[in-house]
Amino acid sequence: MEHQVTLQEMLEARERRAFRQQELLAAHRAPLISFTMNIAGPVKDSPLIREGFELGLRLLRKRLAAAKIPVLHFEEIRAAAGNEAFYVLDAPLLRIKEITCDLEDGSSLGRLFDMDVIAVDGRKADRSELGLGPRPCLICGGPARECARSRTHTVAELQTETDRRLREGVCAADAKDAARLACQALLYEVGTTPKPGLVDRENSGSHRDMDIFTFFSSSSALWPYFETCARIGRETADDPAPETFRRIRPAGRQAEADMLAATGGVNTHKGAIFSLGILCAAMGRLPRSFWRSSDRLLKECAAMAHGLVEQDFGGLTEENACTVGQKLYLRHGITGIRGQVEAGFPAVSQAGLPTLKKGLSAGLSLNDAGCAALLALMTAATDTNLIARSSLETQKQTVSRIRGLLESQPFPDGETLRRLDREFTEDHLSPGGSADLLAICYLLYFLEREE
Ligand SMILES: [Zn+2]
């Protein structure tokens, strides 16, 4: 139940805030930002309001860092009467005010940010000092203060608009971040070098119809798709998880068409569209505070794909099985990427990601740790791309060779990897399925690091 704040509580919170501002100004002798949210109505704190507030903090942090403004002190207060944050800064007053006005005016959600900039003597910087007009009303765009004074709009109207801006602003920001990091993961995957048989910065491995630029085109084309997946995840967050999955599938088919159009008909990322799309949708379904937990995200992927193998492969017979994946399932029970997703990407959580992190903490570069993670993934999940270009027998032999190599050399050196690359290329082998899983590892790693 959301707490309804009384007028008394509001006044007390305001008084406490003013007192704390005075204390901080006296202690640091430097200007400060006092950040609260402009929320109409008696409910000042909810999960959604908090998400909006946290987004404001992230934007502010980024701008302060970009402007190289030293933060002398930061504190955050979470209270029923509203979220508050104080930044004491070593910078001229108006330079700070410029940044906060940018954030307040820069987006629809920014209208809900209240970022007061206060000088050492307690004086509040005014927008007019920067030549800016008064803040606009949420509803009619006129001067907000006048509408508030004459109660031009009902509280219900203001609440509805506040809620809309929060929902839209938080969803848009999260979806954009999901898409940015998913594309980054794809670019890092193709950039990881040397990879056996795969396209990388040195060669195109076993592929004649694509090179690294084909992957750049494809990755860029998929940006809107990843954003859509995260949005759908958010919109369907209250529905059962398989509903989210059902909803992203048409977007996935569209993304395949976008990929083919961008690459001149070459399949670069079909597997990644499937698995990274699901992960982006899982990010949308979960509050952002869960993004740093790969276990939680992968569990959500599993919930979304629940029943997928049975659904896609259940009715197969020798007569109607046509794709490599369908035939492998029918003849050998190999569930491929569907099985991985439905089980919550065990190859990622048990092999790829731990190897990546272990390599990094041992001081390897992301590239070198990524190469080892790729090999670990090849041994942990049955790569149907490898089988498609050879045979199940060859795939098994390859995996057992890689396993042997990793036992003696968990992080193979460049020379070993290049030899492997030549051998794979001679045999036309390409572990594309494992490459898709490497992109999943990168995305999870970026999320852990960034959040
Ligand atoms: Zn108005």
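As a reminder, the structure under discussion sits directly above these lines.
Every value quoted in this text rests on a predicted model; they were computed, and no experiment measured them.

Conventions adopted
- Residues numbered from 1 in each chain as written.
- Predicted model: local features only at pLDDT ≥ 70, side-chain atom pairs only at ≥ 80, totals over all residues.
- Heavy atoms only, no water.
- Axes fitted to C-alpha atoms, helices over the stretch in contact; angles between N-to-C directions.
- Helix = DSSP H or I, 4+ residues; strand = E, 2+ residues; numbered from the N terminus.
- Parallel < 35°, antiparallel > 145°, perpendicular 65-115°, else oblique.
- Left-handed = near helix turned anticlockwise from the far one by under 90°.
- Contact = heavy atoms within 4.5 Å.
- Salt bridge = Lys/Arg side-chain N within 4 Å of Asp/Glu carboxyl O.
- Buried < 20%, exposed > 50% of the residue type's maximum accessible area, 1.4 Å probe, protein only.
- Donors = N, O, S within 2.8 Å, 3.2 Å for Na, K, Ca; no water.
- Tetrahedral: all angles 85-135°; square planar, octahedral: opposite > 155°, others 65-115°.
- Pairing = 2+ DSSP bridges.

A.B. asks: Just checking my understanding: could you explain the packing of helix α15 (residues 366-380) against helix α19 (residues 432-450) for this structure?
C.D. replies: The geometry of a pair of packed helices is captured by two quantities: the angle between their axes and the separation between those axes. In contact at an axis separation of 9 Å, α15 and α19 are set at 130 degrees when each is read in the N-to-C sense. Viewed along their axes, α15 and α19 adopt a mutual orientation that is oblique. For α15 against α19, the interelement crossing comes out right-handed. For the pair formed by α15 and α19, the contact residues are L366, G370, A373, L374, L377 and M378 on the first element and S434, A435, L437, L438, C441, Y442, Y445 and F446 on the second.

A.B. asks: What is the right way to read the pattern of salt bridges from this model?
C.D. replies: It is possible for side chains bearing opposite charge to pair when their charged atoms get close. Per the stated rule, a full pass over the model turns up 35 salt bridges. One salt bridge in this structure joins R63 and D102, with 2.9 Å as the shortest N-O distance. Taken together, the residues span a long stretch of sequence, with R63 in helix α2 (residues 47-66) and D102 in helix α3 (residues 93-105) at a distance of 39 residues. By relative accessible area, R63 is classed as partly exposed at 32%. A salt bridge links R249 to D312; its shortest N-O distance comes to 3.1 Å.

A.B. asks: What am I meant to see in the coordination of the zinc ion here?
C.D. replies: In a perfect tetrahedron of four donors around a metal, the angles come out at 109.5 degrees. In a perfect octahedron of six, they are 90 or 180 degrees. Bound to the zinc ion are the protein donor atoms C137 (SG), C140 (SG), C147 (SG) and H153 (NE2), situated 2.0 to 2.3 Å from the metal. Each of the four donor atoms around the zinc ion contributes to a set of angles spanning 97 to 122 degrees, which defines the coordination as tetrahedral. Within one chain, the residues donating to the zinc ion are spaced in sequence as C-x2-C-x6-C-x5-H. One end of the pair, C137, is in the loop between β4 (113-118) and α4 (144-149); the other, C147, is in helix α4, with 10 residues separating them in the sequence. The class of C147 is buried, set by a relative accessible area of 11%.

A.B. asks: Teacher, can you tell me more about the packing of helix α7 (residues 223-235) against helix α8 (residues 241-263) here?
C.D. replies: Two elements in contact, α7 and α8, have axes separated by 9 Å at closest approach and are oriented at 165 degrees. Considering the angle they form, α7 stands roughly antiparallel to α8. At the point where α7 passes α8, the crossing takes the right-handed sense. Touching Y225, T228, C229, I232, G233 and E235 of α7 are T244, R247, I248, A251, G252 and A255, all from α8.

A.B. asks: When you look at the sheet that holds strand β1 (residues 32-37) in this model, what are you seeing that I'm missing?
C.D. replies: Paired through their backbone hydrogen bonds, the strands of a sheet run either parallel or antiparallel. If you trace the four strands from one edge of the open sheet to the other, you get β2-β3-β1-β4, paired in antiparallel fashion. Where the open sheet ends on each side, the last strands, each with one partner, are β2 (71-79) and β4. Mean inter-strand twist for the sheet, computed between neighbouring axes without regard to direction, equals 15 degrees. Across six bridges, the pairing between β1 and β4 is antiparallel.

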